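# Chain and residue survey
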Amino acid sequence: MQAVNIVFLIFGVVIATHIHDVVAQGVFNVLDSGAKGDGAADDTQAFIKAWDATCKEPTGIPKMVIPKGKSFLVMPTTFPGPCKAKNISVELAGTILAPESPKAWAGKDSGGWLIFANIAGLKVYGGGVIDGRGKAWWEQSCHNPKSLNHAGCSKRQPTAIHFIKTDGGQFRDITVQNGQMFHVALMGLDGFEAYNIKINAPIEAPNTDGIHTMNVKNVVIADSQFRSGDDCVSIGEGSSFVYVRNCHCGPGHGVSIGSLGSGGTNVAVEEIHVEKIQFVGTMFGCRIKTYPGGKGYCRKVTYKNSNFTNVLNPIFIDQYYFTPETVNEGSAVKISDVTFEGLTGTADTLVPSAITMKCSKMLGCDGIKFNKINITPVKPGVKLVSTVKNARGAILGPVEPALPDLVKSA
């Protein structure tokens, strides 16, 4: 009996070891690739090595691991595909730190820091932190009021993390903070989900949009929190079937479509649906912004069932973005079929117009619908108004403040 027990134990060890090897297969920890994780040593090459091994693994769901309790300094880096496996994951449980000085981008494209490109089925998750440490970038930004368009200011700054052509991807349970400019950019992809993302940057940090989209379709952004110095979510050119729901926004500049049409570009934006957003202390709430001279369209948009708390401009369509309304437009982005419904809460009384429609004199806005809108002043006794120019549509239910100037669409 003793011999049997010994044999059993021996086989038990063999089996346990075999199981361990199967579990570990396809898991590539950056520490095993030489990363120090002390927040000071440059761990870039270790990340590149771990990624290369992960991307080349052909079986299962290969995983790159960035472990909890460690901080990794990583220089501007691209993690390229395509990869051999159908699906691939990055478990980010620790903290990734950007270099603090913009000089780290010398000789490199200053438009990005961490870039995932051409990877289908990518999942990045794990409860960790991506810290752009962007203070030096903010100070030299051309969008900073202290250096606004001054000689030597920085017009091009890094986005903290790019997902480019990552079809069928997912980004979840991650904090992205102190982005040099945009925190997250989704570009040129079809099918992507962002859940439980926390964006944190000071309100004075310029141009630090939370999540920005461009040339994407079938994107869901949900259950997330945005606190930064610019748009919580900005939906750019070529975006369609984008759903933003159940998020906190503020401080920041709201959930915006645009800006569109800069430099006379031809844009196509449609099927954008925003709902169940808590706007708190934001400069804007539901906003569409375009430049005169642009071309194309923005259509089939809904902003629904959201709440404003002390928001400066709760509902805003601006077709003269950073442009005087007296300009000769030449052309304009056509805005149509936009619904504002179930929007309630309070407006900051510094700007008395709670609903503002500054539509193009050339084309106007068509099919603008309002229903169940109730916006009251944060300070009792102050009268709020609605300002409507060149907008046509329908009032389907109660609207406060009233919209006396809305013309019915033909």
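Everything here concerns the structure above.
Structure report, in brief. (Residues numbered from 1 in each chain as written. Predicted model: local features only at pLDDT ≥ 70, side-chain atom pairs only at ≥ 80, totals over all residues. Heavy atoms only, no water.)

Turning to the pattern of salt bridges, a few remarks are in order. The tally for this structure, following the rule as stated, stands at 13 salt bridges. With a shortest N-O distance of 2.9 Å, R156 and D109 are connected by a salt bridge. On the criterion of sequence distance, the pair formed by R156 in the loop between α3 (135-140) and β11 (159-164) and D109 in the loop between β7 (95-97) and β8 (112-117) is long-range, its members being 47 residues apart. When its relative accessible area of 49% is taken as the criterion, R156 is described as partly exposed. Through salt bridges with shared partners, one network takes in D231, R287 and K289. (Salt bridge = Lys/Arg side-chain N within 4 Å of Asp/Glu carboxyl O. Helix = DSSP H or I, 4+ residues; strand = E, 2+ residues; numbered from the N terminus. Buried < 20%, exposed > 50% of the residue type's maximum accessible area, 1.4 Å probe, protein only.)

Next up on the list: the packing of aromatic side chains. Taken as a whole and judged by the stated rule, the model has 14 aromatic pairs. Measuring from centroid to centroid gives 5.4 Å for F284 and F316, while their planes differ by 85 degrees, and the two rings are edge-to-face. Of this pair, F284 sits in strand β22 (residues 284-290) while F316 sits in strand β24 (residues 313-318); the two residues are 32 residues apart in sequence, bridging distant segments of the chain. On the basis of relative accessibility, which here comes to 11%, the residue F284 falls in the buried class. Grouped by ring-pair contacts, the aromatic residues W51, F79, F116, F163, F171 and F192 constitute a single cluster. (Phe/Tyr/Trp six-rings, centres within 6.5 Å; stacked < 30°, edge-to-face > 60°.)

It is worth spelling out empty space enclosed by the protein at this point. Summed over all chains, the structure comprises one cavity of 30 Å³ or more. Taken together, F47, M64, I66, F79, V90, L92, I96, L114, F116, V124, I130 and I161 form the lining of the largest cavity. Contributing elements (two or more residues each) for the lining of the largest cavity: β3 (63-66), β6 (88-92) and β8. In terms of residue class, the lining of the largest cavity is made up of 12 nonpolar, no polar and no charged. (1 Å grid on protein atoms, 1.4 Å probe; cavity = no way out; pocket = protein on both sides within 12 Å on 5 of 7 lines; lining within 4 Å. Points joined across faces, edges and corners; volume = space filled by probe spheres on them. Nonpolar A, V, L, I, M, F, W, Y, C, P; charged D, E, K, R; others polar.)

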